[in-house]
Amino acid sequence: MKAEHQDHAKSISETGFNQEEKDKIIERQLRFQDLLINISTTYINSDLSDIDQLLRKSLKQICDL
């Protein structure tokens, strides 16, 4: 996984974006990663009877990102 992140970081650095744009891209990726971790944790700790509500909430969170 570490090599994948390094490859992705390298591809960002070779795109011609300025540093501010690169920082924004990385920040957005980190926010998305955190969201996925939170969503996954919620699903792991939830009861199956709540799955419909959790799916709607998760989709809304992704769209709001």
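Each remark here, short or long, concerns the structure printed above.
The structure reproduced in this document is the subject of the present report. (Residues numbered from 1 in each chain as written. Predicted model: local features only at pLDDT ≥ 70, side-chain atom pairs only at ≥ 80, totals over all residues. Heavy atoms only, no water.)

## Focus: helix α2 (residues 19–44)
Formally: Counting from the N terminus, the helices are DSSP H or I runs at least four residues long and the strands are E runs at least two residues long. Every helix has an expected span of 1.5 Å times one less than the residues it contains. When accessible area is computed with a 1.4 Å probe and restricted to protein chains, residues below 20% of their type maximum are described as buried, those above 50% as exposed, and intermediate ones as partly exposed. Any N or O atom pair separated by 3.5 Å or less is treated as a polar contact, with the protein-specific requirement of one donor-capable and one acceptor-capable atom, and with residues adjacent in sequence counted only for side-chain atom pairs.
For α2, built from 26 residues, the straight-helix expectation of 38 Å at 1.5 Å per residue is met to within 8% by its first-to-last C-alpha distance of 37 Å. Within α2, the full set of buried residues consists of Lys 22, Leu 35 and Ile 39. One side-chain oxygen of the residue at the start of α2 lies 3.0 Å from the amide nitrogen of Glu 20, identifying that residue as Asn 18.

## Let's talk about the pattern of salt bridges
How we decide: Salt bridge, as applied in this entry: a Lys or Arg side-chain nitrogen positioned within 4 Å of an Asp or Glu carboxyl oxygen.
Here the structure, examined in full by the defined rule, presents 2 salt bridges. Here Lys 24 makes a salt bridge to Glu 20, at a shortest N to O gap of 3.5 Å. With Lys 24 and Glu 20 both in helix α2 and 4 residues apart, this pair spans about one turn of that helix. One exposure class covers both Lys 24 and Glu 20, and it is exposed.

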